[in-house]
Amino acid sequence: MKLFLGIEKLAQIRNSEVEIVCGGEMNDLPSIDNAWLAVRDGLIEAFGAMEELPQNRFQGYEKIDCLGKMILPTWVDSHTHLVFADWRAEEFEDRIKGLSYEEIANRGGGILNSAKKLQDKSEDELFHESLKRLNDLIALGTGGIEIKSGYGLTLESELKMLRVIKRLKSISPIPIKATFLGAHAVPASFAGDTERYVQHIIHDMIPAVISENLADYIDVFCEKGYFSVDQTVRIMKAGVENGLRPKIHVNQFNAIGGIKACVENKALSVDHLEVMSEEDFTVIKGSQTIPVALPSCSFFLSIPYTPVRELIKHGLPVTLATDYNPGSTPSGNMNFVVSLACIKMNMTPDEAINAATINGAAAMELSSELGSITIGKRANLIITNKIKSLAEIPYQFGTPMIDSVFINGEKFIA
Ligand code: NIG
Ligand code: FE
């Protein structure tokens, strides 16, 4: 039992009814200045203003002085590829020399390069390396995470990745959601016959994933040169029939009509959205599908940023996530994502914090546990350094403004 006292600002306090914030609401971040917060059994028990702290109610609680420090809920990262076999720094150098992401992929680099590296790695090694990365991210303030497969691209290797995610789930102090992304790229053994690979995914991979209960969601890289809208639809439907809701990579390089198909198939989220048509904005309106922006990917690949101001203008919610992976985003640091959102996409700090907390939780169906300071939610908390305004978090980019991270009410030590 812990009692945090004298908190400069307790940010993102919500009633349990608020699960997502949209449009103009995103610029509102409810908070209490000079606050206290009580934690019991790993959950948020109560909070309020210091002048209203009930006397004698919290006897026996460990008292933690937060003078000058702020508290906000941990980040919720709803899109990562955290399980991978190795880095791809050689491709980074090739890009510096002038090759594009697409050119590197076309000559066997990119996702296929990661798939080759992953086939040779044992499940155990993959697990231990991924666990180290996961712990590093928790120390940076991530309190809930989604992890995709998609570097296997054979039945065996996809299952290996998903089993690693399942093992991470079983020991991780933070909630993890697993996404099956067999349709990340067409593997070399199916080169020139995407359709046959799609059939393999639908008829062999999905049933195997389901029989071991290895995934919560289904994903497809819906993009020119990867999977068409029609193929994406068939894979989504096969997933949905088996209880896997879609979370789809779409509109990263080209707008090919994928968003409409995702919305029609009740996708939980559409992720990337660097390139948007006018129709894409309107089809998301009134749907249950959440737009997810991944600004570190835009930064690293020097591609356009998701037009979040337009999304917000259309009254839509925006979620921010890292896309952590060795090819397009070799960083899982949500603090940097929040900075980029403000600096490069013109989000206000309040909008960016909403996008990275409450809306992140919604984009992985964890609203009842994460994303806000709400009684009964997990006490997954970021305690900041001494700061005068929440804006200092994105403003001092590159420097995590974190004093400590508490997960389920316990101080997290990586
Ligand atoms: O989200 N776009 C597809 N997948 C990843 C990149 C994967 C890779 O390059 O290894 C992404 O950016
Ligand atoms: Fe991704």
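Let me sum up the structure you'll find in this document. Every value quoted in this text rests on a predicted model; they were computed, and no experiment measured them.

Digging into the site of ligand 1
Around ligand 1, a shell composed of 15 residues is seen, among which Tyr101, Tyr151, His184, Gln252 and Ser328 lie nearest. Note that an oxygen atom of ligand 1 is positioned 2.9 Å from one of the side-chain N or O atoms of aspartate 323. When ligand 1 is considered free in solution it has 330 Å² of accessible area, and contact with the protein chains removes 100% of it. Comparing atom positions with the cavity grids shows ligand 1 to sit within the largest cavity.

Describing the pairing of strand β5 (residues 69-73)
Across the five residues that make up β5, a large majority, five, are buried. What you see with β5 is no split at all: Lys69, Ile71 and Pro73 on one side and Met70 and Leu72 on the other are buried throughout. Here strand β1 (residues 2-11) runs beside β5; their pairing, made up of two bridges, is parallel. Across the sheet, leucine 10 pairs through a bridge with isoleucine 71, a residue of β5. Pairing of β5 with strand β14 (residues 381-386), which is carried by four bridges, proceeds in the antiparallel orientation. Looking at the pairing, isoleucine 71 lines up with isoleucine 383 of β14.

Description of the layout of surface pockets
By volume, the largest pocket amounts to about 460 Å³. Lining the largest pocket are 24 residues, and of these Glu102, Ala105, Asn106, Gly225 and Tyr226 sit closest to its centre. Where the lining of the largest pocket is concerned, the elements lending two or more residues are α2 (101-106) and α3 (110-119). Here the lining of the largest pocket gets four residues from one element, more than from any other, and that element is α2. When its residues are assigned to classes, the lining of the largest pocket shows 13 nonpolar, six polar and five charged.

A few points about unusual backbone geometry
The phi torsion at asparagine 56 lies on the positive side, around 70°, for a residue other than glycine. Positionally, asparagine 56 belongs in the loop between β3 (43-49) and β4 (62-65). Of the residues examined, asparagine 56 reaches a relative accessible area of 61% and is grouped as exposed. Positive phi, close to 60°, is recorded for asparagine 346, a residue that is not glycine.

A short note on the pattern of salt bridges
Under the criterion given, the structure shown has 23 salt bridges. Residue lysine 9 is joined to aspartate 33 by a salt bridge in which the shortest nitrogen-to-oxygen separation is 3.0 Å. Remark: aspartate 33 occurs in strand β2 (residues 31-40) and lysine 9 occurs in strand β1; sequence separation between them is 24 residues. Judged by its relative accessible area of 47%, aspartate 33 is partly exposed. Linking arginine 378 and glutamate 369 is a salt bridge whose minimum nitrogen-to-oxygen distance equals 2.8 Å. Taking the relative accessible area as the measure of exposure, glutamate 369 reaches 26% and is therefore partly exposed.

Criteria and cut-off values
- Residues numbered from 1 in each chain as written.
- Chains lettered and ligands numbered in written order.
- Predicted model: local features only at pLDDT ≥ 70, side-chain atom pairs only at ≥ 80, totals over all residues.
- Heavy atoms only, no water.
- Near = heavy atom within 4 Å.
- Polar contact = N/O pair within 3.5 Å; in protein donor to acceptor, adjacent residues only side chain to side chain.
- Areas by Shrake-Rupley, 256 points an atom, 1.4 Å probe, with all protein chains shown as cover.
- 1 Å grid on protein atoms, 1.4 Å probe; cavity = no way out; pocket = protein on both sides within 12 Å on 5 of 7 lines; lining within 4 Å.
- Sits in = over half its atoms within 2 Å of the grid points.
- Buried < 20%, exposed > 50% of the residue type's maximum accessible area, 1.4 Å probe, protein only.
- Helix = DSSP H or I, 4+ residues; strand = E, 2+ residues; numbered from the N terminus.
- Pairing = 2+ DSSP bridges.
- Points joined across faces, edges and corners; volume = space filled by probe spheres on them.
- Nonpolar A, V, L, I, M, F, W, Y, C, P; charged D, E, K, R; others polar.
- Salt bridge = Lys/Arg side-chain N within 4 Å of Asp/Glu carboxyl O.

That is the geometry; function is a separate question.
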